[in-house]
Amino acid sequence: MATTRKPTAPPAATEEYDFDNWDQDAEDAALVALNDVKYIIVEQDFVGRFADGTIVRIPLRLNLALVDELQEKHASQIDQFKSLVQTFGGDDLAASLDTQGLIAVAIITEKYFRCLGRAQELAFPESKPSSS
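These numbers were taken from a predicted model, which means no experiment stands behind them.

(A) Looking closely at the packing of aromatic side chains. Taken as a whole and assessed by the stated rule, the structure comprises 5 aromatic pairs. A ring pair is formed by Y39 and F46, whose centres lie 5.2 Å apart and whose planes are at 15 degrees; its orientation type is stacked. A residue is classified by how much of its surface remains accessible, and F46, at 0% relative accessible area, is buried. An angle of 85 degrees between the planes, with centres 5.4 Å apart, marks the rings of F46 and Y112 as edge-to-face. One end of the pair, F46, is in strand β2 (residues 45–49); the other, Y112, is in helix α5 (residues 102–122), with 66 residues separating them in the sequence. Each member of the pair, F46 as well as Y112, carries the same accessibility label: buried. A connected cluster of aromatic rings, assembled from ring pairs, spans Y39, F46, F81, Y112 and F113.

Here's what the structure looks like:
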């Protein structure tokens, strides 16, 4: 049985693209807009929002048993983050991460784990080198 492909739109004329004025600033702005992920800290929780409005809320205070379990079961931080989303937000929210862009999920994961690290750093302000 032969399969047929759906017709695709013809490629756009190259005149509508401004290749001559494309520069690093334009590329940076386009890539940042593509992966717009915001976050705030609310009542000791990390609350992140994807560009499509999906919100994840995960505690920044984790018990050691949960951390040990995450590290034992998941090698990557993205898998650890997804497990946290499932634990605290449910299966549907965790499954919704699969519809997000890879870079956006990596960014929100990095932001969450950076917040954990910063919380630890800020707990010991006296250990920071002095500026004098």
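(B) Region of interest: the packing of helix α2 (residues 64–73) against helix α3 (residues 77–89). With their axes 9 Å apart at the nearest point, α2 and α3 run at an angle of 130 degrees to one another. In terms of orientation, α2 lies oblique with respect to α3. Regarding α2 and α3, the two cross each other, and that crossing is right-handed. Along the contact surface, α2 presents L66, L70 and Q71, while α3 presents Q80, S83, L84 and F88. Taken together, the residues of the contact of α2 with α3 sort by class into 4 nonpolar, 3 polar and no charged.

(C) A look at the pattern of salt bridges. Applying the stated criterion across every chain, the model contains 6 salt bridges. Taking the shortest distance from any N to any O, the salt bridge between E69 and K73 comes out at 3.2 Å. Of the two residues, E69 and K73 both sit in helix α2, 4 residues apart, roughly one turn of that helix. Owing to a relative accessible area of 57%, K73 belongs among the exposed residues under this scheme. Between D98 and K82 there is a salt bridge, with the nearest N and O atoms lying 2.6 Å from each other. Of this pair, D98 sits in the loop between α4 (91–96) and α5 while K82 sits in helix α3, and the two are 16 residues apart along the sequence.

(D) Local environment of unusual backbone geometry. Located in the positive-phi region is E43, a residue other than glycine, with phi close to 50 degrees. Turning to its location among the elements, E43 is positioned in the loop between β1 (38–42) and β2. The class of E43 is exposed, set by a relative accessible area of 67%.

(E) Quick look at the side chain of Q80. Tracing the backbone shows Q80 in helix α3. For Q80, the residues in contact, after removing those within four places along its chain, are L70, Q71, H74, A75 and F113.

Conventions used here
Residues numbered from 1 in each chain as written. Predicted model: local features only at pLDDT ≥ 70, side-chain atom pairs only at ≥ 80, totals over all residues. Heavy atoms only, no water. Phe/Tyr/Trp six-rings, centres within 6.5 Å; stacked < 30°, edge-to-face > 60°. Buried < 20%, exposed > 50% of the residue type's maximum accessible area, 1.4 Å probe, protein only. Helix = DSSP H or I, 4+ residues; strand = E, 2+ residues; numbered from the N terminus. Axes fitted to C-alpha atoms, helices over the stretch in contact; angles between N-to-C directions. Parallel < 35°, antiparallel > 145°, perpendicular 65-115°, else oblique. Left-handed = near helix turned anticlockwise from the far one by under 90°. Contact = heavy atoms within 4.5 Å. Nonpolar A, V, L, I, M, F, W, Y, C, P; charged D, E, K, R; others polar. Salt bridge = Lys/Arg side-chain N within 4 Å of Asp/Glu carboxyl O.

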